[in-house]
Amino acid sequence: MANVKIAPSVLASDFGRLADEIRAVDAAGCDWIHLDVMDGHFVPNLTFGPPIIQAVRHATDKPFDAHLMVSNPDRLLVEYAKAGCNLITVHAEVCDHLDRTLAQIRDLGCRAGVSLNPHMPEDCLRYVLDRLDLVLVMSVNPGFGGQSFLPTVIDKIARINQLLDGRVVDIEVDGGITPETAPLVVEAGATALVAGSAVFKGGNEEAYRKNIEAIRASVASL
Ligand code: DX5
Ligand code: ZN
């Protein structure tokens, strides 16, 4: 599965040098930049929003993959698109009108994603399949980096893959991804992998390159 996308989560990077860190993972060979937006409400932690995303947009040409862990994603969709996000993912748990939200994201010229917390069944995707570009399967409870992978998501990924029935929709998995866990989710049907701690450990471009290569190598033969 040579074409699995690797999306380093900048949550594990040095925020004091965010633009440089993005340049470094870009040079190290990542595919997307995963941006964990947290509001201190949907999740206990707080990170950043559109102004900071816009401020670092110049650091790479690679797609910005925004993961909105916020209670009211609809309020700021336009701002995320203007800030330069290419993929915008909302959590199914907070969208009363998921069909409309996904249509809005595409109308803004972005690819539309839905994320599911570990407890969330995949059935909520059934009637929005044709509005989807990406499903972001949480393999930890969102809010913090460095948590352990929850193996219960492996079956869920396989069921989502069946539900998609050949549609061109990425299945991205987020949380606890390492060279040990990556093969488990790719075998089940994942096409994109978020990795924070496993990519940013080592703290420099050379380490990031080795870390990204180790994840790619772990799924290369699948
Ligand atoms: C968790 C975030 C993840 C997180 C992953 O709320 O959505 O993107 O940064 O971090 P690791 O790879 O360290 O589990
Ligand atoms: Zn994330």
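For clarity, every value in this text was computed on a predicted model and none was experimentally measured.

Colleague: What is the right way to look at the packing of aromatic side chains in this model?
Modeller: Both the distance between ring centres and the angle between the ring planes are used here to describe each pair of aromatic rings. Applying the stated rule across the entire model yields 2 aromatic pairs. Note on Phe-15 and Phe-48: the rings are 5.9 Å apart at their centroids and 80° apart in plane angle, and the pair reads as edge-to-face. On the criterion of sequence distance, the pair formed by Phe-15 in the loop between strand E1 (5-8) and helix H1 (18-27) and Phe-48 in the loop between strand E2 (33-38) and helix H2 (50-56) is long-range, its members being 33 residues apart. When the centroid spacing of 5.0 Å and the interplanar angle of 70° are considered together, the rings of Phe-200 and Tyr-208 count as edge-to-face. On the basis of relative accessibility, which here comes to 6%, the residue Phe-200 falls in the buried class. For Tyr-208, a relative accessible area of 0% translates into the label buried. Positioned over the ring face of Phe-64 is Arg-57, at 3.8 Å from the centre of the ring.

Colleague: I keep staring at the site of ligand 1 and nothing clicks. Help me out?
Modeller: Near ligand 1 there are 20 residues, and of these Asp-36, Gly-143, Asp-174, Gly-196 and Ser-197 occur at the shortest range. Asp-174 has a polar side-chain atom sitting 2.7 Å from an oxygen atom of ligand 1. One nitrogen or oxygen atom from the side chain of Ser-197 is found 2.3 Å from an oxygen atom belonging to ligand 1. Contact with the protein chains covers 99% of the free accessible surface of ligand 1, which is 380 Å². Looking at the shell around ligand 1, the elements with two or more residues in it are E2, strand E3 (64-69) and strand E8 (192-195). The element contributing the most residues to the shell around ligand 1 is E2, with 3 residues. Split by residue class, the shell around ligand 1 holds 8 nonpolar, 10 polar and 2 charged.

Colleague: Looking at this structure, I do not really get the nonpolar core. What am I missing?
Modeller: General note: in soluble globular proteins, nonpolar side chains tend to be found buried as a group. Ile-53, Leu-68, Leu-125, Leu-132, Val-185 and Leu-193 are the most contacted members of the largest nonpolar core, which has 70 residues in total. Not counting residues up to four positions away in its chain, the partners in contact with Leu-193 are Val-4, Lys-5, Ile-6, Ala-7, Glu-172, Val-173, Ile-177, Ala-182, Val-185, Val-186 and Ile-215.

Colleague: Even after reading the chapter, I still don't get the sheet that holds strand E6 (residues 134-138), so can you show me in this structure?
Modeller: Each strand in a sheet pairs with its neighbour through backbone hydrogen bonds, running either in the same direction (parallel) or in the opposite one (antiparallel). Ordered in space as E1-E8-E7-E6-E5-E4-E3-E2, the 8 strands form an open sheet in which the pairing is parallel. Here the strands that pair on one side only, and so sit at the sheet edges, are E1 and E2. Between one strand and the next, the sheet's axes are offset by a mean angle of 25°, whatever the strand orientation. Pairing geometry for strand E4 (residues 87-91) and strand E5 (residues 111-116), over 5 bridges, is parallel.

Colleague: Explain the coordination of the zinc ion (ligand 2) here, please?
Modeller: Protein-derived coordination of the zinc ion (ligand 2) comes from His-34 (NE2), Asp-36 (OD), His-67 (ND1) and Asp-174 (OD), at a distance range of 2.0 to 2.3 Å. Coordination at the zinc ion (ligand 2) is octahedral: its 6 donor atoms span angles of 67 to 168° at the metal. Sequence spacing of the donor residues for the zinc ion (ligand 2), all on one chain, is H-x1-D-x30-H-x106-D. Of this pair, Asp-36 sits in strand E2 while Asp-174 is found in strand E7 (residues 170-174), placing the two residues 138 residues apart along the sequence.

Colleague: Can you walk me through the pairing of E4 in this structure?
Modeller: On any regular strand, side chains alternate: one points to one face of the sheet, the next to the other face. The element E4 is largely enclosed, with a buried count of 5 among its 5 residues. Here E4 shows no split at all, with Leu-87, Thr-89 and His-91 on one side and Ile-88 and Val-90 on the other all buried. Of the strand pairs in this sheet, E3 and E4 are connected by 4 bridges, and their pairing is parallel. In the strand pairing of E4, Ala-66 is matched with Ile-88. The handedness of the E3 to E4 crossover, carried by helix H3 (residues 77-83), is right-handed.

Scoring rules and cut-offs
- Residues numbered from 1 in each chain as written.
- Chains lettered and ligands numbered in written order.
- Predicted model: local features only at pLDDT ≥ 70, side-chain atom pairs only at ≥ 80, totals over all residues.
- Heavy atoms only, no water.
- Phe/Tyr/Trp six-rings, centres within 6.5 Å; stacked < 30°, edge-to-face > 60°.
- Helix = DSSP H or I, 4+ residues; strand = E, 2+ residues; numbered from the N terminus.
- Buried < 20%, exposed > 50% of the residue type's maximum accessible area, 1.4 Å probe, protein only.
- Lys NZ or Arg CZ within 6 Å of the ring centre and 35° of its normal.
- Near = heavy atom within 4 Å.
- Polar contact = N/O pair within 3.5 Å; in protein donor to acceptor, adjacent residues only side chain to side chain.
- Areas by Shrake-Rupley, 256 points an atom, 1.4 Å probe, with all protein chains shown as cover.
- Nonpolar A, V, L, I, M, F, W, Y, C, P; charged D, E, K, R; others polar.
- Core = buried A, V, L, I, M, F, W, Y, C linked by side-chain atoms within 4.5 Å.
- Contact = heavy atoms within 4.5 Å.
- Pairing = 2+ DSSP bridges.
- Axes fitted to C-alpha atoms, helices over the stretch in contact; angles between N-to-C directions.
- Donors = N, O, S within 2.8 Å, 3.2 Å for Na, K, Ca; no water.
- Tetrahedral: all angles 85-135°; square planar, octahedral: opposite > 155°, others 65-115°.
- Right-handed = clockwise from strand over helix to strand, strands pointing away.

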